[in-house]
Amino acid sequence: MASVSLSSRLNKAVRQHYMSLPQGERVQVTYIWIDGSGEGLRNKTRTLDVEPQTIDDIPEWNFDGSSTYQAEGSNSDMYLVPVRMFRDPFTQDPNKLVLCEVLKYNRLPAETNHRMNCNKVMEEIKEHIIWFGMEQEYTLLGIDGHPYSWPTNGFPRPQGPYYCGVGADKAFGRDIVECHYKACLYAGVNIYGSNAEVMPSQWEYQVGPCEGIEMGDQLWVSRFLLHRVCEDFGVVATLDPKPMTGNWNGAGCHTNVSTKQMREEGGLEFIEQAIEKLGKRHKEHIRMYDPRGGKDNVRRLTGLNETASIHDFSAGVANRGASIRIPRQVGQEKKGYFEDRRPSANCDPYAVTKAIAYTCLLHSEDREKSEEENIPAM
């Protein structure tokens, strides 16, 4: 029996009695933010007197940053600045979820607030109408840290029957996946699809296409919904890029990218130009593609289990063992998009999309030198 939380065994019928009580015109708004780990999400809820119609109707708030790895206790108040609003699939309409940026006491972005700089880059390249689609892989665990539905003192059958599998001996935790999918649709997250992955108890969903800064916003909220759904079921969703050692696939966040030029006739030329630029800055991108500067991805990008080596850059048509994959249809139609397979499952989508946009559309040696000269001394 998988190890599930005690909270998930509480009487949900009793809970439903209270959840169905009328609340008048007042509205619950749940503020969501990224904590100081750069991976964890926090949330808290307040009441507004009327239903907010736009993000401007939601006031700033604050929280204790000393309890989220973001401040010292002697100066702990941090600002929550609302940036995008969603419907709340847990308490339902008219209640809201709101994603927030975190600012320090001096109104500067917190260290793990990569959204602000990402947005600057996206505004600078707005004319290119850059689209992203991110494939979020994750693994379901019991609260004891053991993969959900794996034998307690052993391993399931080797990889092979699980990818897009059907059946109780192949698909573990489908209820969670389907509930998360519906929660995303209800909330307004632009979820594109989902499937079982190669390793048992590993799943994937895709978000996109999203333009510019919206990609990061949508993916972070989809992660919040995933963790909340898993909480209800009493299990854990880990975004660890290599949760199980050995001959088991890791978990990535493959990132699909296209610009207006790439999507038009003859766009393959611009795709190839972008790939060439990405190859020249491979090391810089590896540092941005997981929250530990590449140390997480070292365990995943080994050259095995459908990955390229972290030390080498490669690209190819329909090649899932390359750093960059050009889908076969794109190769045939000579236009479309490319897939960067290097980002880890626990990446910050703001850091990833900013790095790709900057390298493909803004970077030059002269600009890089100028920016380095303008970096203030620490």
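In the block above lies the structure referred to throughout.
A brief report on the enclosed structure follows. (Residues numbered from 1 in each chain as written. Predicted model: local features only at pLDDT ≥ 70, side-chain atom pairs only at ≥ 80, totals over all residues. Heavy atoms only, no water.)

## Thoughts on the overall build of the protein chain
Here comes step 1: Within the protein chain, the regular secondary structure consists of 11 helices and 13 strands.
Here comes step 2: Over its C-alpha atoms, taken along the principal directions, the protein chain stretches across nearly 60 × 55 × 40 Å.
Here comes step 3: Excluding contacts between residues fewer than 6 apart, the proportion of contacts in the protein chain whose partners are at least 24 apart in sequence is 66%.
Here comes step 4: Accessible area of the protein chain: about 18500 Å², with a carbon and sulfur share of 50%.
Here comes step 5: One way to put it: in the protein chain the 43 positive side-chain charges average out to a point 3 Å from where the 52 negative ones average out. (Helix = DSSP H or I, 4+ residues; strand = E, 2+ residues; numbered from the N terminus. Contact = heavy atoms within 4.5 Å. Areas by Shrake-Rupley, 256 points an atom, 1.4 Å probe, with all protein chains shown as cover. Lys, Arg positive; Asp, Glu negative; His and termini not counted. Charge placed at Lys NZ, Arg CZ, Asp CG, Glu CD.)

## Observations concerning the environment of Ala183
Here comes step 1: Relative to the elements of secondary structure, Ala183 occurs in helix H3 (residues 174–187).
Here comes step 2: You can call Ala183 buried: its relative accessible area is 6%.
Here comes step 3: Ala183 sits 93 residues away from Phe90 along the chain, and the two C-alpha atoms are 8.0 Å apart.
Here comes step 4: If we ignore the near neighbours within four places in the chain, the residues touching Ala183 are Pro89, Leu225 and Val229. (Buried < 20%, exposed > 50% of the residue type's maximum accessible area, 1.4 Å probe, protein only.)

## Comments concerning the pattern of salt bridges
Two side chains that carry opposite charge are able to pair once their charged atoms sit near each other.
Here comes step 1: This structure, assessed with the given rule, holds 24 salt bridges.
Here comes step 2: Residue Lys260 pairs with Glu264 through a salt bridge whose shortest N-O separation is 2.6 Å.
Here comes step 3: For Glu264, a relative accessible area of 36% puts it in the partly exposed group.
Here comes step 4: Via salt bridges that share partners, Glu39, Asp240, Arg292, Asp296 and Arg299 belong to a single interconnected network. (Salt bridge = Lys/Arg side-chain N within 4 Å of Asp/Glu carboxyl O.)

## Observations regarding the pairing of strand S5 (residues 96–103)
Here comes step 1: In terms of residue burial, S5 counts as a mostly covered element, since eight of its eight residues are buried.
Here comes step 2: Across four bridges, the pairing between strand S1 (residues 27–34) and S5 is parallel. Counterpart to Val29 in the pairing with S5 is Lys96.
Here comes step 3: The pairing of strand S4 (residues 77–87) with S5 spans eight bridges and is classified as antiparallel. (Pairing = 2+ DSSP bridges.)

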